[in-house]
Amino acid sequence: MKTSRWFVAALGAVYLLGFLVLGSALFRLQCVDTGEFRAGLKQQATRRIRVPGLRGRILDRNGETLATCRPSHCIQCNIEEFQKRGAASNTVAAIEDAVDRLAAAIGLARPASLTRARIERHLEKRSAMPLTLWEDVDDAAFARFAENSCDFPGFEDVTIPERVYPRGQLAAHVLGFTGRGRPDDADSAHFFEPDMRGRSGVESYYNRFLVGVAGERKVRVDARGFRPTRQREAMMEADLDADVAPSTGLDLRLTIDAGLQAVLEEQLAGATGAGVVLDPRDGAVLALASAPAFDPNDCVPRIAAETYAALTNAPAKRLQNRAISESYAPGSTFKPLTALAALACGWLPDDEYDCKGVYVLGDLRLHCWDRWGHGPINIRTALQKSCNTFFCNLGTAVGTNAVIGAARAFGLGSRTGIDLGGETAGIVPDNEWKRSAYNERWYPGDTCQMSIGQGMLLVTPLQMAVVAAALANGGRVFTPYLFARQDDAPPPEPVRTVPYAAADIELVREGMRDVVERGTGRRILTRWEDPAPGTSKRRRFNLKVSCAGKTGTAEIGTGATRRKNTWVIAFAPYESPTVAMAMLVERGESGGSTVAPRVHAVLAHVFGEEETTASASSGSALERAD
Amino acid sequence: MRKLFAKIRRMDWAMSACMVALIAIGVVFINSAGSVRPTETLRNLWRVHAETAAVGLFVYMAFALLDYRKLVDWAATPVFALSCAMLVAVLFVGTDRFGGRRWLWFFQPSEIAKLAVILFSAHVFAAPGRSGFRWFLAGMAILGGPALLVLAEPDLGTALVLAPSVLAILLAARVWTKGIATLVAAILLAAGALLWTVDRAERQTDPERREQIYRYVPLREHQIKRLRVFLFPDTDRSGAGYNLRQAQISIGSGGVWGTGLKKGAQKLLGYLPPSVSMNDFIFAVLAEEWGFMGVLEMLALFFGILASGLRIAARCMDDRGRLVAIGVLTLVFCHLYVNVAMSVGLVPITGLPLPFISAGRTFLVVLMAALGIVQSIAVHDDAEPSGEDGPEE
């Protein structure tokens, strides 16, 4: 025989060697390195999805809810259940078809946003995520879906939180609103669920506190990036890493008093303007309103283009927070600052100036609002009567720099630093500013204008509220704030104390009390009620506490565009003020007639009012004034 | 009739049992791999496998009962000629599938050619006196003709398993041992040189220089790619190295006990490409779902077939029988080895089915026929044991 058994045996040995090689290689793969390969499987088949935390609430100082979340029912499509072979368009067609049938069954219109292109993009970019069809469906449609869901496999309902502002327009400009957006930290995950993101107001400023900490959900994906179908998922063992639960955002307690805010807004209703109420002891914002306002509920979950256009349209510009984002000439409400500047420069309380009704400086002729003139008056009376010529003269006498210094000392011309976005600094003009803005030098007339709060000087209502608070508390300028501090936190320090003597400030305060008691701002203190039918006596109501204030009427423009922005700054109670405020109404008549009654109503809400007889009231007021 | 039963009794039952067990495993895993496929036809391929196996069993029994000597003497030459003709025909009228022209009507001529070449070589070299350089050249021609035709399809895998089988027959028949040893050494050297060249080329940073080197490498684009993946498995995991990487993850993540039947995540999620998971990469599915224990079971069954076959070859006192058995067993072994080794990454990826388990009708029937012939050697071993091996020993 040619062949031998030895060869057969040798061949057997070769086979055995082959088996040993294979066996040892497989042993290494399956018994030694198996963990490494399992990790590889997990890595390629797992997608991390960022899950936002529940957004925190926003409360007023008494714990009333101003913004919270409500459940919103959504219907979504698990696209993996509709996968078809071949081109992606087959799957798109299957999804569209199924959605149409579902829409007919539950009586909803097919969502307008569900275009072919959107489905295609979703299949391509977000294949591991369900496709949201209807958001925030009403209860009836949701019930119909629940009844029919057995007939429509692949569709699912989920409940997501949606922002809601239970008080509607209340404090809209403070709260702001949220939109949907890609969160900042979304990049570390493969996919993200849309998160609420503050777009304005404290929703935006304190977004980081409100959003909470996002969690992470893990889903399995197949080689094409889709989640496995329910049926296939059931065939596998769950070996995904544990999900990370999100944590709820912090609740934000504001210094806002909802009741006071409501009154302030009520007083501004129908007007265009703004009002700010501060606690002069620490700068807490008790109320801040801008009119006309908007309802933030119209802006969630995301602001529609037409809504946005409607809300930003001039002249109403409802989204604009006039209290901080727009600046106006302060008019006569600036006069207390001019007075302080003069007193600091050596003007004596009893120094008099003879008001003849017009102030002449070169070509400039500045009329006092009293055409016949106030006659010889001192500084306190000039404040009470808001005499323009007196303060023009005063400003010119003490010089530009002293007036500018007073304005800056009270924080005008720079942002107050309130915890809201979009604040403007206003303008305190000086020589350099005028040169760069108008390429003109500073004229004495500019000083004159500025002394009575006109000309190029521009301030925000919030800045004037800070001025009112500083006058109220004896010269301490605080940063206004909205985020209520903890009860045990140290009270905030003033950013600065104005460099004026306490006696000078007291003199100005007394002048401002005269304003409300017998000057231009009497309607801050007093409300006259029209006589009841059949009687002829007007009833009058005074605030239960003494107060002080200053009116202002700033004239802007000339000719046809001539208009008046009307102001009041006020604080109360006079002796130890707990409330300081500023209010502005655009296109008003005068501070004393347009704004003062509104301010009275706000202060009456805080301190109450009582009916008085004319003599008793003015008598007691005079006594206290002396 | 009694003669027939006597013949059946003389069959090697261990081999039959191992073979049936492996086919059963094949049915189970074709079912498992097919369960994730989208069409009914593909999901039911396991049934086709079982039906083919039933037909195959008849073929197996028929070849077992047929005297292999008559087969080798009378049928080897015409079958060889016919299969060569079919290999030529498939190049012209064959059906293109999966990037190769391999199908003629419902079968693959290259699978039949495997058996035809083995039978014909055994027929040629069993005759006494056929040794020396000239007969070695004849052997090379018998191997080379079909191998080149198969390569033209292209089907590198078949050519690769055919060569060791024929070489084993030539070695066993002592046609020209020195020459064959030299040839094997030369092939190994050439393979080494090829790998070294590809390695050098891949390490070139200058792409032009790389192009220049590749101009001297006698391989196709996709073959070079496979060698590259073999040499540098981590460089292109999402491209050319994807299949290997996914097969390794499947096998490795199976661990000792496996995920359980039908539960393999790699298969369910489609990371192991579904297009190959029933054929060339079915071992990865098995390894994932049955783990190392299942793999050992499968290897043991294969070893059972090979050991029984070798015992039959050793007992056979006829050169024809021994040569046929050696050729068939080496063919099975090479299929098994290359298929498993490529899934693990020990050899470059070549499209080769796993015997008895991979879906594929022609190959299954041919394999069962081949093992039937080996059984026939056991059944028809009626030569008197003449002391030791033979006069030439």
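Calculation notes
Residues numbered from 1 in each chain as written. Chains lettered and ligands numbered in written order. Predicted model: local features only at pLDDT ≥ 70, side-chain atom pairs only at ≥ 80, totals over all residues. Helix = DSSP H or I, 4+ residues; strand = E, 2+ residues; numbered from the N terminus. Buried ≥ 20, exposed ≤ 12 C-beta atoms within 10 Å, placed from the backbone. Contact = placed C-beta atoms within 7 Å. Rg over C-alpha atoms; globule rule 2.2 N^0.38 Å. Domains from an automatic or database assignment. Nonpolar A, V, L, I, M, F, W, Y, C, P; charged D, E, K, R; others polar. Pairing = 2+ DSSP bridges. Core = buried A, V, L, I, M, F, W, Y, C linked by C-beta atoms within 7 Å. Axes fitted to C-alpha atoms, helices over the stretch in contact; angles between N-to-C directions. Parallel < 35°, antiparallel > 145°, perpendicular 65-115°, else oblique. Left-handed = near helix turned anticlockwise from the far one by under 90°. pLDDT = per-residue confidence, 0-100.

## Some points on the overall build of chain A
Counting its regular elements, chain A contains 23 helices and 24 strands. Viewed in the frame of its principal axes, chain A has a C-alpha envelope of about 145 × 60 × 50 Å. A buried classification covers 44% of the 626 residues belonging to chain A. When contacts within chain A are restricted to residue pairs at least 6 apart in sequence, those whose partners lie at least 24 apart make up 75%.

## Some points on the overall build of chain B
Of the regular secondary structure elements, chain B holds 17 helices and two strands. Its C-alpha atoms give chain B a radius of gyration of 22 Å, near enough to 21 Å, the size a compact globule of 393 residues would have. With respect to the principal axes defined by its C-alpha atoms, chain B has extents near 65 × 45 × 40 Å. Counting over 393 residues, chain B shows a buried share of 50%. Partitioning the contacts of chain B with sequence separation of at least 6, the portion at a separation of at least 24 is 72%.

## With respect to the domain arrangement of chain A
Residue and element names in this part refer to chain A. Per the domain assignment, the segments of chain A are domain 1 (47-252) and domain 2 (258-625). Computed over C-alpha atoms, the centres of domain 1 and domain 2 are 48 Å apart. When contributions to the side of domain 1 that touches domain 2 are tallied by element, the ones reaching two or more residues are β5 (155-164), α6 (172-175), β6 (178-181) and α7 (201-205). Class assignment for the residues of the side of domain 1 that touches domain 2 results in 13 nonpolar, nine polar and seven charged.

## Considering the interface of chain B and chain A
Taken residue by residue, the interface counts 47 residues in chain B and 39 residues in chain A. Those elements that provide at least two residues to the side of chain B that touches chain A are α8 (156-172), α12 (242-254), α13 (265-268), α15 (282-315) and α16 (319-344) of chain B. Sort the elements by how many residues they give to the side of chain B that touches chain A and α15 of chain B lands first, with 10 residues. Here the residues of the side of chain B that touches chain A are counted per class, giving 29 nonpolar, 10 polar and eight charged.

## Concerning the pairing of strand β20 (residues 539-543) of chain A
Residue and element names in this part refer to chain A. Two strands pair when backbone bridges link them, and strand β19 (residues 526-529) and β20 are joined in this way by four bridges, in the antiparallel orientation. By the bridge assignment, Thr526 is partnered in β20 with Asn542. The pairing of β20 with strand β24 (residues 609-612) spans four bridges and is classified as antiparallel. Each residue of the ladder has a partner; that of Phe541, found in β24, is Glu611.

## What to know about the domain arrangement of chain B
Residue and element names in this part refer to chain B. Each assigned domain of chain B is listed with its residue range as follows: domain 1 (16-66 + 247-309 + 331-356) and domain 2 (71-172). The centre of domain 1, based on its C-alpha atoms, is set 25 Å off from the matching centre of domain 2. With eight residues of domain 1 at the interface, the matching set in domain 2 holds nine residues. Grouping the amino acids of the side of domain 1 that touches domain 2 by side-chain chemistry returns five nonpolar, three polar and no charged.

## A word on unusual backbone geometry
Going from Val300 of chain A to Pro301 of chain A, the amide bond is cis rather than trans, its omega being 0°. Relative to the helices and strands, Pro301 of chain A is located in the loop between β12 (285-291) and α11 (305-312). Backbone torsion omega between Glu153 of chain B and Pro154 of chain B reads 0°, so that peptide bond is classified as cis. Positionally, Pro154 of chain B belongs in the loop between α7 (133-151) and α8. The residue Arg174 of chain B is not glycine, and still its phi comes out positive at about 50°. Inspection of the secondary structure assignment puts Arg174 of chain B in the loop between α8 and α9 (177-203). Taking the number of C-beta atoms within 10 Å as the measure of exposure, Arg174 of chain B has 16 and is therefore partly exposed.

## Re the nonpolar core
Judged by nonpolar contacts, the single largest core of 152 residues is most densely connected at Val117, Ile169, Ile282, Val324, Ala325 and Val328 of chain B. Looking at this core, the element that brings in the most residues is α15 of chain B, giving 18 residues. Excluding residues within four positions of it along the chain, Ile282 of chain B makes contact with Phe29, Ala33, Ser277, Leu354, Ile357 and Ser358 of chain B. Leu337, Ala382, Val428 and Ala548 of chain A belong to the second-largest nonpolar core, a separate cluster that totals 126 residues.

## Focus on the sheet that holds strand β7 (residues 191-192) of chain A
Residue and element names in this part refer to chain A. Across the sheet, three strands lie side by side as β7-β1-β9; this open sheet has mixed pairing. Lying at the two open borders of the sheet, with one neighbouring strand each, are β7 and β9 (215-220). For strand β1 (residues 46-51) and β7, the ladder comprises two bridges, and the chain directions are parallel. In the sheet register, Arg50 faces β7, and the bridge partner there is Phe192.

## Some remarks on the packing of α9 of chain B against helix α10 (residues 207-214) of chain B
All names here are of chain B. Taken N-terminus to C-terminus, the directions of α9 and α10 make an angle of 165°; their axes are 8 Å apart at the nearest point. It follows that α9 is roughly antiparallel to α10 by the angle criterion. Considering the relative orientation of α9 and α10, their crossing is left-handed. When α9 is examined against α10, the residues Thr197, Arg200 and Ala201 are found in contact with a partner set consisting of Arg210, Ile213 and Tyr214. For the contact of α9 with α10, the residue count by class is three nonpolar, one polar and two charged.

## As for the environment of Ala171 of chain A
Residues and elements named next belong to chain A. Tracing the backbone through its elements, the reader meets Ala171 in the loop between β5 and α6. For Ala171, a count of 30 C-beta atoms within 10 Å translates into the label buried. C-alpha of Ala171 to C-alpha of Ala293: the two residues are 122 residues apart in sequence and 8.6 Å apart in space. With near-sequence residues (within four places) excluded, Ala171 lies in contact with Leu66, Ile256 and Gln261.

## A word on the confidence of the model for chain B
All names here are of chain B. Per-residue pLDDT for chain B has a mean of 89; in total, 96% of the residues score no lower than 70. Note that pLDDT drops below 50 for residues 384-393; the model gives that stretch 12 contacts with residues more than four away or on any other chain. Overall fold confidence for the complex sits at a pTM of 0.80, while the interface term, ipTM, reaches 0.93.

## A look at the confidence of the model for chain A
Here chain A averages 90 in pLDDT, and 98% of its residues register 70 or above. Below a pLDDT of 50 lies the segment residues 615-626 of chain A, which in the model reaches 10 contacts outside its immediate sequence neighbourhood of four places, other chains included.

## Examining the sheet that holds strand β23 (residues 579-585) of chain A
All names here are of chain A. Strands sit in the order β12-β11-β23-β22-β21 across an open sheet of five strands; the sheet is antiparallel. Two strands in the sheet have a free side with no partner beyond their single neighbour: β12 and β21 (548-556). On average, adjacent strands in this sheet sit at an angle of 5° to one another, irrespective of strand direction. Of the pairings in the sheet, the one linking β21 to strand β22 (residues 563-572) comprises nine bridges and is antiparallel in character. By the bridge assignment, Ala548 is partnered in β22 with Phe571.

## With respect to the pairing of β22 of chain A
Residues and elements named next belong to chain A. Most of β22 is tucked away, with nine of its 10 residues classed as buried. Connecting β21 to the antiparallel partner β22 that follows it, the hairpin turn spans six residues, and Gly557 within it adopts a positive phi of roughly 75°. Where β22 meets β23, seven bridges bridge the pair, whose relative direction is antiparallel. Bridging from a neighbouring strand, Trp567 pairs with Leu584 of β23. Connecting the antiparallel pair β22 and β23 is a turn made up of six residues.

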